[in-house]
Amino acid sequence: MSLAKWPKIEVTADKPYPIFLGSSLKELGDYIHLRFEDLEHILIISHQVVADLYAEPLKQGLLDYRVDQLIVPAGETEKSLERLSQLTTAALSWEADRKTLVIALGGGVIGDLAGFFASVFMRGIRLIQVPTTLLAQVDSSIGGKVAVNHPAGKNILGAFYPPQAVWTDFSTLESLPWEEVENGLAESIKHALIADRDLFEFFEKEEKRIKQREKSIWSEMVTRSSAVKVKIVSQDEREQGVRALLNLGHSFGHALETEMNYRGITHGQGVSIGIMAATYLANAKGLLTIEEVDRIKRLLNSFGLPIMIKEQDPQALLQRMQADKKNQGGRKILILPKGIGHAIVSKECTDSEILAAWQKVIS
Ligand SMILES: NC(=O)c1ccc[n+]([C@@H]2O[C@H](COP(=O)([O-])OP(=O)(O)OC[C@H]3O[C@@H](n4cnc5c(N)ncnc54)[C@H](O)[C@@H]3O)[C@@H](O)[C@H]2O)c1
């Protein structure tokens, strides 16, 4: 058996690592045997619902190792220092050491939390990301960002900690509830909009088959969307330049989510409305035609993603954007689509232009 057996794309950053696309959870054990000669102990970190579905097939390939499993309750609030401390206590009680391998089995919450744990436990131990949500497969497991939250803000305590590998089994998405699918779709459509016109057309053309969860179409969607993120983080791992494009829709979306206190709006919905606000702003600045605006609107809408929000105060939302940690020297840094399949970083948007964009997405 050789490592070449499994289809992969590679993040070619400071520390390159493979993203395996479409291999089964059971086969991960074969990869681990080939890759790590000195391994004895594995710590699987997961949510109960995910572990119930997927820990067994994973463990079948790991019979030669001492395997412990840590279950974390679901939810964004679990990305906390308190949970990190509890993980540490449990890991020590199982005699985890510097040679332990962490497997993060779950969505972005598990990836960020278990990844941050791996980055600081005994100054850093090995990590494999096994993403099981669409968002995690196309986005959060790729790029090496790991973090926990702090009362002062989301992802305030974090690190760049590239994993040894990302192991993506498409079949885990079959059990994902549709509202979680939407979160991943918003990011995938964003990837298409900023960097891959063909992928945007794929979404337009394959809308029905995607909604029917056709396996071959989902494999293609995850593969192509992951490839966009891989390409961008390979060029700019530390977010000094092009990686900022991945924030399209997020400055607007984040302002909306915080203004609404994260109630009554999912992250994907926030991103979708944020993409629309950025789209209107780009149109006002002559970067997008009205036909392109309509295409973006139609595509988001066709997947049930919102393009407008009710009863919000545009001034309050503008104020929220003042606090965006990506701002520089009081200037708002916004990502704007430029045609379909391309985007730019703009520092030139005035408050009145941003306000006008907000007004277009508020009904
Ligand atoms: N590190 C990064 O670069 C990055 C990028 C984007 C988002 N994020 C982070 O990702 C997090 C959001 O991740 P998410 O959207 O995956 O949410 P999540 O991790 O909370 O998962 C959503 C829900 O789906 C369940 N679930 C996971 N896989 C499942 C499956 N296969 N079948 C059934 N249920 C399943 C989970 O238990 C959870 O209840 C946020 O904390 C965000 O900050 C990180």
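Not measured: the values here are computed from a predicted model.

**Section: the pattern of salt bridges**
Working step 1: Per the counting criterion, the structure on display carries 24 salt bridges.
Working step 2: A salt bridge links Arg320 to Glu259, with the nearest nitrogen and oxygen atoms 2.7 Å apart. Of this pair, Arg320 sits in helix H13 (residues 314-322) while Glu259 sits in helix H10 (residues 250-259); the two residues are 61 residues apart in sequence, bridging distant segments of the chain.
Working step 3: One salt bridge connects Arg331 with Glu348, and the closest N-O pair in it is separated by 3.9 Å.

**Focus: a nonpolar patch on the surface**
Working step 1: A surface patch of nonpolar side chains, amounting to about 290 Å² of accessible area, comprises Met1, Leu3 and Leu34.
Working step 2: Secondary-structure assignment places Met1 in the segment before strand E1 (8-11).
Working step 3: Here Met1 falls in the exposed class, since its relative accessible area comes to 64%.

**Points about the site of the ligand**
Working step 1: Neighbouring residues of the ligand: 25 residues in total, closest Glu76, Gly108, Thr132, Thr133 and Ser175.
Working step 2: Here an oxygen atom of the ligand sits 2.8 Å away from a polar atom, N or O, in the main chain of Gly108.
Working step 3: The side chain of Thr132 places a nitrogen or oxygen atom 2.8 Å from a nitrogen atom of the ligand.
Working step 4: Protein chains bury 86% of the 870 Å² of accessible surface belonging to the ligand in isolation.
Working step 5: Mapped by element, the contributors of at least two residues to the shell around the ligand are helix H2 (48-60), helix H4 (108-120), helix H5 (134-140) and strand E8 (153-160).

**Quick word on the pairing of strand E10 (residues 334-337)**
Working step 1: The alternating pattern of E10 places Leu334 and Leu336 on one face and Ile335 and Pro337 on the opposite face, and all of these are buried.
Working step 2: Two successive antiparallel strands, E10 and strand E11 (residues 343-346), enclose a turn made up of five residues, where Gly339 displays a positive phi of approximately 70 degrees.

**What to know about the packing of aromatic side chains**
Working step 1: One pass over the full model with this rule turns up 10 aromatic pairs.
Working step 2: Look at Phe202 and Phe203: their rings are 5.9 Å apart centre to centre, the planes differ by 70 degrees, and that puts the pair in the edge-to-face class. Like Phe202, the residue Phe203 is buried in the burial classification.
Working step 3: Within the aromatic cluster, the residues linked to one another by ring pairs are Trp6, Phe20, Tyr31 and Trp167.

**Regarding helix H14 (residues 351-361)**
Working step 1: Ile354, Leu355, Ala357, Trp358 and Val361 are the residues of H14 that are buried. Projected onto a plane normal to the axis of H14, the buried residues spread over an arc of 160 degrees and lie on a single side.
Working step 2: Check the buried side of H14 and you find it contacts H10, helix H11 (267-284), H13 and E10.

**Describing the sheet that holds strand E3 (residues 41-46)**
Strand pairing in a sheet takes place through backbone hydrogen bonds and is either antiparallel or parallel in direction.
Working step 1: Across the sheet, seven strands lie side by side as E1-E2-E9-E6-E5-E3-E4; this open sheet has mixed pairing. Since the sheet does not close on itself, it has two edges, and those belong to E1 and strand E4 (66-71), each with one partner. For this sheet, the mean inter-axis angle between neighbouring strands, taken without regard to orientation, is 20 degrees.
Working step 2: Here six bridges tie strand E5 (residues 101-106) to strand E6 (residues 126-131), and the two strands are oriented parallel to one another. Each bridged residue has a counterpart across the sheet, and for Leu105 the counterpart in E6 is Val130.
Working step 3: Across the sheet, H4 lies against E3, E5 and E6, angled at about 165 degrees from E5, the strand it touches most.
Working step 4: Helix H9 (residues 215-235) contacts E1, strand E2 (17-21) and strand E9 (165-168) of the sheet and is inclined by roughly 20 degrees relative to E1.

**Side note on the nonpolar core**
Working step 1: Within the largest apolar cluster, 75 residues are counted, with the highest numbers of intra-cluster contacts made by Phe203, Phe252 and Trp358.
Working step 2: The element that contributes the greatest number of residues to this core is H11, accounting for nine residues.
Working step 3: Among the domains, domain 1 (3-175) and domain 2 (190-361) are the pair contributing at least three residues each to this core.
Working step 4: With residues near it in sequence (within four places) discarded, Trp358 still touches Phe252, Ala255, Leu256, Pro314, Leu317, Leu318 and Met321.

**Regarding the domain arrangement of the chain**
Working step 1: The domains assigned to the chain are domain 1 (3-175) and domain 2 (190-361).
Working step 2: Counting residues at the interface gives 23 residues for domain 1 and 23 residues for domain 2.
Working step 3: The largest per-residue losses of area from domain 1 upon contact with domain 2 belong to Val138, Phe160 and Phe170, which jointly make up 25% of the total buried on that side.
Working step 4: Joining domain 1 to domain 2, the criterion identifies three salt bridges.
Working step 5: Among the ionic pairs, Lys229 bridges to Asp139, the shortest N-O distance being 2.7 Å.
Working step 6: Scanning the region where domain 1 abuts domain 2 turns up seven residue pairs in polar contact (both at pLDDT 80 or more).
Working step 7: Among the elements that line the side of domain 1 that touches domain 2, the one with the most residues is H5, at five residues.
Working step 8: Here the side of domain 1 that touches domain 2 is built from residues that sort into 13 nonpolar, four polar and six charged.

About the thresholds
Residues numbered from 1 in each chain as written. Predicted model: local features only at pLDDT ≥ 70, side-chain atom pairs only at ≥ 80, totals over all residues. Heavy atoms only, no water. Salt bridge = Lys/Arg side-chain N within 4 Å of Asp/Glu carboxyl O. Helix = DSSP H or I, 4+ residues; strand = E, 2+ residues; numbered from the N terminus. Patch = residues over 30% accessible without salt bridge, like charges linked within 9 Å, V, L, I, M, F, W, Y side chains within 5 Å. Areas by Shrake-Rupley, 256 points an atom, 1.4 Å probe, with all protein chains shown as cover. Buried < 20%, exposed > 50% of the residue type's maximum accessible area, 1.4 Å probe, protein only. Near = heavy atom within 4 Å. Polar contact = N/O pair within 3.5 Å; in protein donor to acceptor, adjacent residues only side chain to side chain. Pairing = 2+ DSSP bridges. Phe/Tyr/Trp six-rings, centres within 6.5 Å; stacked < 30°, edge-to-face > 60°. Arc of directions from axis to C-beta. Contact = heavy atoms within 4.5 Å. Axes fitted to C-alpha atoms, helices over the stretch in contact; angles between N-to-C directions. Core = buried A, V, L, I, M, F, W, Y, C linked by side-chain atoms within 4.5 Å. Domains from an automatic or database assignment. Buried area = accessible area lost by both parts, 1.4 Å probe. Nonpolar A, V, L, I, M, F, W, Y, C, P; charged D, E, K, R; others polar.

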